[in-house]
Amino acid sequence: MKYLNSISGSGGAIYTANLHLLNMYNNIFSNNIASYQNGGAIYFEGFRMNMNHKCTLSRNYAKSLGGGIYMNGKERSYAMISQVQVKQNRANDGAGLYISFSSNVGINCVSLVYDIAYKTGGALSLFVTSIQKTSVFISHCDFIRNAAKHSGTTMSVSGITKLSLGDSKIEDTSNGIIEDQIADNMVSFHTVILSLYNISFNTTTGEVNILVIDFNNLVQLKTIIFICPYFTHLVDEMRTSKSQGCQHGVLCSSYRVAYKCMLCKQNFYILHTESWKSELNPNKFNTLTARIITNKSCLECPPGGRCKNGRISALPEYWGFKIDDKVKFMSCPLEYCCQKSPCKSYFQCNTGRTGHICSQCQQEYYLDLTSNKCIHNEKCNSKLVLPLLLLS
């Protein structure tokens, strides 16, 4: 079922209060508006909610909380969101999803893309207040190019909760989506029992702030990867720091990880899709040890090449080949290689050609000796028809 272009004060398409069970399967929610308060597409207040099997929430807007969904669970409530796409939603907080539950929440195989919060939690804001009764599990999710103005460009988790986040990807914050400067922390956690495992952060400017109220060392961090994305390189060394303090009279620890990647400057290039990659290995929250896996620098553009925004391509009539991490060029015979700038790659051939220095014709192409071009079979046969007719 489709829910399109609806407007309401709260819950643009669906509004529920004290509902026992809400099931949604294979639904589309698009361009809905909560003009006064919460839940651009859905406002849910109740005990149990299931959303799965290829539901989509796109381009919905809430003036306050939850551009896609606002969920306020009652005591002993339960929510499961699985196989859902959440994209291009907007709100002040929790542009994709805003969840305030007192019980269990599961988010599995969800894609949150281009969601924009004008305050906190670009993709997700999670606020839970009951430590004894709450467990939140997030797994196999993609958080791609979300943005927030104040905190948590990808995710903001606050209150006291048990949180497990794993097997997920958090990728490049989109600069310029919001007119003013966006927040400099991708993820903000304020939590008691925290488990992060198999997480990949891929961003041009990455910063992760973790505030942990540590009860009996219940925090676990395992295999956290930080990556510079395509055509960028590390410009500031990775920095890790730890501080201790008190919150509400309880001893807590604050951990901060920061690094910065930038595109290669003009006339420089880089071949690696992951020019810099580091793995963070916390040691029972006593120390933070970063292990560098890959660290490559931008290279000066070689003769015969064109380098822009970290990418390298050939100039017309040149063909490039890779030696280790570098590209070198040689001039091509007439009509062999790319003919017009900009060439698509450093090894682009003229139409119908392939191989080393584009010296061979592709299958179903034949060499025209008069032009040095590779001609498709159909064109080649048509050229032979007239001479054969004249000879006959």
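Owing to the predicted nature of the structure, the values given are computational and were not obtained by experimental measurement.

A.B. asks: Could you give me a rundown of the state of the cysteines, with the residues and numbers involved?
C.D. replies: As enumerated under the stated definition, the model contains seven disulfides in all. With its sulfur 2.0 Å from that of its partner, cysteine 264 forms a disulfide with cysteine 298. The disulfide joining cysteine 264 to cysteine 298 has a torsion of about -80 degrees about its S-S bond and is therefore left-handed. With cysteine 264 in the loop between strand 26 (250-263) and strand 27 (268-269) and cysteine 298 in the loop between strand 29 (287-295) and strand 30 (299-300), this residue pair connects regions lying 34 residues apart in the sequence. Exposure class is identical for cysteine 264 and cysteine 298. Each is buried. Linked covalently through their sulfurs, cysteine 338 and cysteine 343 form a disulfide whose S-S length is 2.1 Å. Between cysteine 338 and cysteine 343, the S-S dihedral sits near -95 degrees, and the bridge is therefore left-handed. The thiol of cysteine 109 is not disulfide-bonded; the next cysteine sulfur, from cysteine 141, is found 6.8 Å away.

A.B. asks: Go over the pattern of salt bridges with me, naming the residues and quoting the values.
C.D. replies: Two side chains bearing opposite charge may form a pair once their charged atoms approach each other closely. In the structure shown here, the tally under the stated rule is two salt bridges. A salt bridge links glutamate 171 to lysine 169, with the nearest nitrogen and oxygen atoms 3.8 Å apart. Residue lysine 169 is classed as partly exposed on the basis of its relative accessible area, which comes to 33%. Between lysine 296 and aspartate 325 there is a salt bridge, with the nearest N and O atoms lying 3.1 Å from each other.

A.B. asks: Let's hear about the confidence of the model for the protein: which residues, and what values?
C.D. replies: Summing up the model confidence of the protein, the mean pLDDT is 81 and the portion of residues at 70 or higher is 77%. Of all secondary-structure elements in the protein, the lowest mean pLDDT belongs to helix 1 (residues 377-391), at 52, while strand 9 (residues 61-62) reaches the highest, 97. In the predicted structure, residues 175-182 sits below a pLDDT of 50 and forms 18 contacts with residues beyond four places in sequence or in another chain. In this model, residues 382-392 is a region of pLDDT below 50 whose contacts with residues beyond four sequence positions or in other chains number one contact.

A.B. asks: Explain unusual backbone geometry residue by residue, including any values.
C.D. replies: Cis rather than trans, the peptide bond between serine 341 and proline 342 has omega equal to 0 degrees. Within the secondary structure, proline 342 sits in the loop between strand 34 (326-331) and strand 35 (353-354). Positive phi is not limited to glycine here, since glutamine 88 has a value of about 60 degrees. Tracing the backbone shows glutamine 88 in the loop between strand 10 (69-87) and strand 11 (90-93). For glutamine 88, a relative accessible area of 38% gives the class partly exposed.

A.B. asks: An account of the pairing of strand 14 (residues 116-120) is requested, with residue identities and associated values reported.
C.D. replies: In terms of strand pairing, strand 11 meets strand 14 through three bridges, oriented parallel. Counterpart to aspartate 93 in the pairing with strand 14 is threonine 120. Here strand 14 runs beside strand 18 (residues 147-148); their pairing, made up of two bridges, is parallel. In the sheet register, alanine 117 faces strand 18, and the bridge partner there is alanine 148.

A.B. asks: Requested: an account of the environment of cysteine 298, with residues and values cited.
C.D. replies: Of the residues examined, cysteine 298 reaches a relative accessible area of 16% and is grouped as buried. Separated by twelve residues in the primary sequence, cysteine 298 and glycine 310 place their C-alpha atoms 7.6 Å from one another. Beyond its immediate stretch of four places on either side in the chain, cysteine 298 contacts His233, Cys264, Phe268, Tyr269 and Ile270.

A.B. asks: Explain the packing of aromatic side chains to me, and be specific about the residues and the numbers.
C.D. replies: Taken as a whole and assessed by the stated rule, the structure comprises six aromatic pairs. Plain terms: the ring middles of tyrosine 43 and tyrosine 70 are 4.9 Å apart, the flat faces sit at 25 degrees to each other, and that makes the pair stacked. On the criterion of sequence distance, the pair formed by tyrosine 43 in strand 7 (residues 42-52) and tyrosine 70 in strand 10 is long-range, its members being 27 residues apart. For tyrosine 43, a relative accessible area of 9% translates into the label buried.

A.B. asks: Give a detailed account of the side chain of threonine 16, specifying residues and quantitative values.
C.D. replies: Looking at the element boundaries, threonine 16 is found in the loop between strand 3 (14-15) and strand 4 (19-25). Take threonine 16: its relative accessible area is 9%, and that puts it in the buried class. Each residue touching threonine 16, except ones within four places of it in the same chain, is listed here: Tyr43, Phe44 and Glu45.

A.B. asks: Which residues make up the nonpolar core, and what are the values?
C.D. replies: Ranked by internal contacts, the top residues of the largest apolar core, which has 50 residues, are Ile42, Met51 and Ile138. Here this core gets six residues from one element, more than from any other, and that element is strand 10. Grouped together as the second largest cluster of nonpolar side chains are eight residues, Cys301, Cys307, Val327 and Phe329 included.

A.B. asks: Describe the pairing of strand 7, naming the residues involved and giving the relevant values.
C.D. replies: Among the eleven residues that make up strand 7, nine are buried, leaving the element largely enclosed by the rest of the structure. Bridge analysis of strand 3 against strand 7 gives two bridges, and the strand direction is parallel. The residue bridging tyrosine 15 from the neighbouring strand is tyrosine 43, located in strand 7. Bridge count between strand 4 and strand 7: six bridges; the pairing is parallel. Opposite asparagine 23, over in strand 7, you have asparagine 50 as the bridge partner. Pairing geometry for strand 7 and strand 10, over nine bridges, is parallel. Across the sheet, isoleucine 42 pairs through a bridge with isoleucine 69, a residue of strand 10.

Definitions and cut-offs
- Residues numbered from 1 in each chain as written.
- Predicted model: local features only at pLDDT ≥ 70, side-chain atom pairs only at ≥ 80, totals over all residues.
- Heavy atoms only, no water.
- Disulfide = S-S within 2.5 Å.
- Helix = DSSP H or I, 4+ residues; strand = E, 2+ residues; numbered from the N terminus.
- Buried < 20%, exposed > 50% of the residue type's maximum accessible area, 1.4 Å probe, protein only.
- Salt bridge = Lys/Arg side-chain N within 4 Å of Asp/Glu carboxyl O.
- pLDDT = per-residue confidence, 0-100.
- Contact = heavy atoms within 4.5 Å.
- Pairing = 2+ DSSP bridges.
- Phe/Tyr/Trp six-rings, centres within 6.5 Å; stacked < 30°, edge-to-face > 60°.
- Core = buried A, V, L, I, M, F, W, Y, C linked by side-chain atoms within 4.5 Å.

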